[in-house]
Amino acid sequence: MECVENAIQNVGNRIDKTQIDHVVLVGGSSRDPKIQKMLRDIFDGKELNKSINPDEAVAYGATALAAILNGVEEVRDVVLFDVTPLSLGLAVKNRNGPDLKMCKVIKRNTLIPAKLTKPFFTSYDNQTKASIDVYEGEYDFTKDNHLLGKFTLSGIPPAPAGVAEIDVTLEIDVNGILNVTAVEKSTSNSRQITISYDRGRLSKDEIERMIKDAEECRVLKKKRKAALLAKNSLESYCVDVKSIVEDPELKNKIDESDKNIILKKCEETIVWLEDSDRTLETRVYELKHEELKTVFDVIISIANYSGKKEDKYYEILNVEKNASLNDIERAFRKVSFKYHPDKCQVDQEVGNMFWLTLTKARKSLIDLANQRLNQS
């Protein structure tokens with residue numbers, strides 16, 4: 001059912017699956033009751049159209065398309081769509097590396113016939129010719145895509161980089177024949193290439209494999225990007241925390257041992273990030289970030305707090321100011337359970353530091369609660 005779901009996804013920006021009138025079975029395997037049930041499930045219980053012999057369905061479609069292309073009057077109300085199986089585009093210079101990038105002009109699943117024009121500009125000063133390299137594929141870089149053909153447009157007037165404009169038009173007709181035309185805008189100087197469907201194009205199996213591989217590569221790239229963002233966020237946090245605790249204004253407000261532990265853990269984390277494996281998952285960095293932030297932010301906020309420390313302790317333990325002894329104890333256990341020295345679930349030094357801070361908060365609030373009891 002993967003191919004059916006992919007087809008629905010590919011046209012999702014044009015129609016919704018609820019707008020599909022008929023689901024026609026094609027191919028002998030579609031007679032299988034299990035396959036039919038799976039199809040009905042995909043289309044939310046819609047009944048399948050079994051009026052056409054599955055073995056003859058493709059022939060019906062090919063006949064209808066041939067009639068349409070030949071202008072047969074009897075099929076004037078029948079509309080069949082064909083689409084580009086792969087994106088078509090040109091090789092362009094990559095500012096971030098030596099590999100040429102694929103600039104897509106006609107994107108995959110564009111309705112055929114199609115004609116699109118895209119402007120391109122010279123990449124260096126006094127450039128007098130440009131190579132027009134035409135590719136098909138779904139990868140970001142041309143080295144992974146399939147070269148269809150290329151030609152050189154000469155006679156470009158010398159000018160600074162980015163001034164001379166070359167308009168490149170890709171036109172694909174109902175027979176899949178691709179015409180590529182490049183025109184230098186100021187002189188109207190042009191060149192053209194024609195690429196037929198049956199020469200130098202990828203086979204159906206190669207197209208399917210490229211689409212699948214490109215999608216897997218895109219998913220992997222997305223995961224790596226998310227991991228890189230999480231990694232950079234953790235590194236920035238450590239740098240910011242180091243700057244805060246080394247600020248002279250905080251010198252007499254934060255316990256020296258706490259300061260040393262925070263600086264040490266920030267340094268260790270930065271070194272760990274530099275040496276970390278690129279294949280680490282985003283969640284690994286996020287958990288490390290949460291572990292340090294939960295502790296460090298509390299320690300720093302206590303040191304920077306200008307009011308009574310007890311007010312900050314109420315906030316840390318998340319209890320009301322008139323909390324009873326039992327409320328304080330429950331709150332302490334809830335916040336501190338994973339930092340207990342005997343069963344610490346985070347870095348031991350960080351956990352011990354936070355345990356001492358929470359214990360100090362607990363003792364201070366219990367003393368206040370006892371004072372209230374004695375006064376009453």
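For the structure, check the block above.
As a starting point, this report considers the structure included with it. (Residues numbered from 1 in each chain as written. Predicted model: local features only at pLDDT ≥ 70, side-chain atom pairs only at ≥ 80, totals over all residues. Heavy atoms only, no water.)

### With respect to the overall build of the chain
For the record, the criterion: Comment: elements are numbered from the N terminus, with helices defined as DSSP H or I runs of at least four residues and strands as E runs of at least two. In this setup the radius of gyration rests on C-alpha atoms only. A globule is expected at 2.2 Å times the number of residues raised to 0.38. For every residue, the accessible area (1.4 Å probe, protein chains only) is compared with the maximum for its type, and the residue is labelled buried under 20%, exposed over 50%, or partly exposed between those bounds. By definition in these notes, contact holds between two residues if any of their heavy atoms fall within 4.5 Å. Using a 1.4 Å probe, accessible areas were evaluated by the Shrake-Rupley method; residue-level cover was limited to the displayed protein chains.
The secondary structure content of the chain amounts to nine helices and 10 strands. Taking 376 residues into account, the globule formula puts the C-alpha radius of gyration at 21 Å, and the chain, at 33 Å, lies well above it. For the C-alpha atoms alone, the extent of the chain along its principal axes is close to 100 × 65 × 35 Å. Taken across its 376 residues, the chain has 35% of its residues classed as buried. Within the chain, contacts between residues at least 6 apart in sequence are counted, and of these 63% link residues at least 24 apart. Carbon and sulfur atoms form 50% of the exposed surface of the chain, whose accessible area is close to 23,500 Å².

### Quick notes on the pairing of strand S8 (residues 165-172)
Rules: By this definition, two strands are paired if DSSP reports at least two bridges between them.
S8 sits mainly inside the fold: seven of its eight residues count as buried. Relative to strand S9 (residues 178-184), S8 runs antiparallel, the two being bridged by seven bridges. Paired with Ile172 across the two strands is Leu178, which belongs to S9. Linking S8 back to S9 in an antiparallel pair, the connection comprises five residues, with Gly176 at a positive phi of about 80°.

### Examining the sheet that holds strand S7 (residues 146-153)
The line we're drawing: Geometry is summarised by axes, namely lines fitted to C-alpha atoms with helices restricted to the contacting stretch, and by angles between N-to-C directions that run from 0 to 180 degrees.
Overall, antiparallel pairing links the four strands, which are arranged S3-S2-S6-S7 in an open sheet. Edge positions in the sheet fall to strand S3 (101-106) and S7, since each of these pairs with one other strand and no more. The mean angle between the axes of side-by-side strands here comes to 30°, regardless of whether they run parallel or antiparallel. In this sheet, S3 lies alongside strand S2 (residues 88-92) in antiparallel orientation, the contact comprising five bridges. The partner of Leu88 across the bridge, within S3, is Ile106.

### Looking at helix H4 (residues 204-245)
Note the following rule: A helix is expected to reach a length of 1.5 Å times the quantity of its residues less one.
End to end, H4 covers 62 Å across 42 residues, agreeing with the expected 62 Å (1.5 Å per residue, within 8%). Within H4, the full set of buried residues consists of Ile207, Met210, Ala214, Ala227, Ala230, Leu234, Tyr237, Cys238, Val241, Lys242 and Val245. Each element contacted by the buried residues of H4 is listed here: strand S6 (130-136), S7, helix H5 (256-275) and helix H6 (282-304).

### A closer look at the nonpolar core
Quick reminder of the rule: Residues belong to a common nonpolar core when they are buried Ala, Val, Leu, Ile, Met, Phe, Trp, Tyr or Cys residues joined through side-chain atoms within 4.5 Å.
Judged by nonpolar contacts, the single largest core of 45 residues is most densely connected at Val241, Val245, Ile262, Val295 and Phe296. Put simply, the parts of the chain that give this core at least two residues each are H4, H5, H6, helix H7 (309-317), helix H8 (325-336) and helix H9 (348-375). In this structure, Ile132, Val134, Leu153 and Ile195 belong to the second largest nonpolar core, which totals 25 residues.

### Quick word on the side chain of Thr84
To be explicit about the condition: The term polar contact refers here to a pair of N or O atoms within 3.5 Å; inside protein, the definition further demands a hydrogen-donor-capable atom paired with an acceptor-capable atom, and it admits residues adjacent in sequence only when both atoms are side-chain atoms.
Structurally, Thr84 is set in the loop between strand S1 (82-83) and S2. Within the local environment of Thr84, its side chain forms a polar contact with the backbone oxygen of Lys107, the two atoms lying 3.1 Å apart. When neighbours within four sequence positions are excluded, Thr84 is seen to be in contact with Ile106, Lys107, Arg108, Asn109, Thr110, Ile112 and Ile172.

### Section: the pattern of salt bridges
Formally: Here, a salt bridge means any Lys or Arg side-chain nitrogen found within 4 Å of an Asp or Glu carboxyl oxygen.
For the coordinates displayed, the defined rule picks out 19 salt bridges. Of the charged contacts, one joins Glu315 and Lys312 as a salt bridge, the two residues approaching to 3.3 Å between their closest N and O atoms. One end of the pair is Glu315 and the other is Lys312, both in helix H7 and three residues apart, which spans about a single turn. For Glu315, a relative accessible area of 54% translates into the label exposed. On the basis of relative accessible area, Lys312 is assigned to the buried category, the value being 10%. Members of the salt-bridge network, linked through shared partners, are Lys264, Lys265, Glu268, Asp347 and Glu349.

### Re a nonpolar patch on the surface
The cut-off we apply is this: Like charges are joined within 9 Å and nonpolar side chains (Val, Leu, Ile, Met, Phe, Trp, Tyr) within 5 Å, but only among residues with over 30% relative accessible area and no salt bridge; these make up the patches.
Residues Val24, Val26 and Val58 make up a contiguous nonpolar surface patch of roughly 240 Å² in combined accessible area. When you line up the elements, Val26 lands in the loop between helix H1 (2-10) and helix H2 (33-42).

### Comments concerning the packing of aromatic side chains
For clarity, the threshold we go by: Here a pair means two rings of Phe, Tyr or Trp (six-membered ring of Trp) with centres within 6.5 Å. Their orientation is stacked below 30 degrees between planes, edge-to-face above 60, and tilted elsewhere. In this scheme, the term charge over a ring applies when either NZ of a lysine or CZ of an arginine sits within 6 Å of the ring centre and within 35 degrees of the ring normal.
Inspection of every chain in the model, using the stated rule, returns three aromatic pairs. With centroids separated by 5.5 Å and ring planes inclined at 55°, the aromatic side chains of Phe332 and Trp355 adopt a geometry described as tilted. Residue Phe332 is located in helix H8, and its partner Trp355 is located in helix H9; the two are separated by 23 residues in the primary sequence. Each of the two residues, Phe332 as well as Trp355, counts as buried. Here the guanidinium or amino end of Arg362 rests over the ring plane of Phe332, the centre of that ring lying 5.2 Å away.

### Notes on the sheet that holds S9
Working definition: the strands of a sheet are paired by backbone hydrogen bonds and lie parallel or antiparallel to each other. The sheet built from four strands is open, its strands ordered S5-S8-S9-S10 with antiparallel pairing. Bordering the open sheet on either side are strand S5 (114-121) and strand S10 (190-195), each of which pairs with just one other strand. Neighbour-to-neighbour, the strand axes of this sheet turn through a mean angle of 15°, independent of strand direction.

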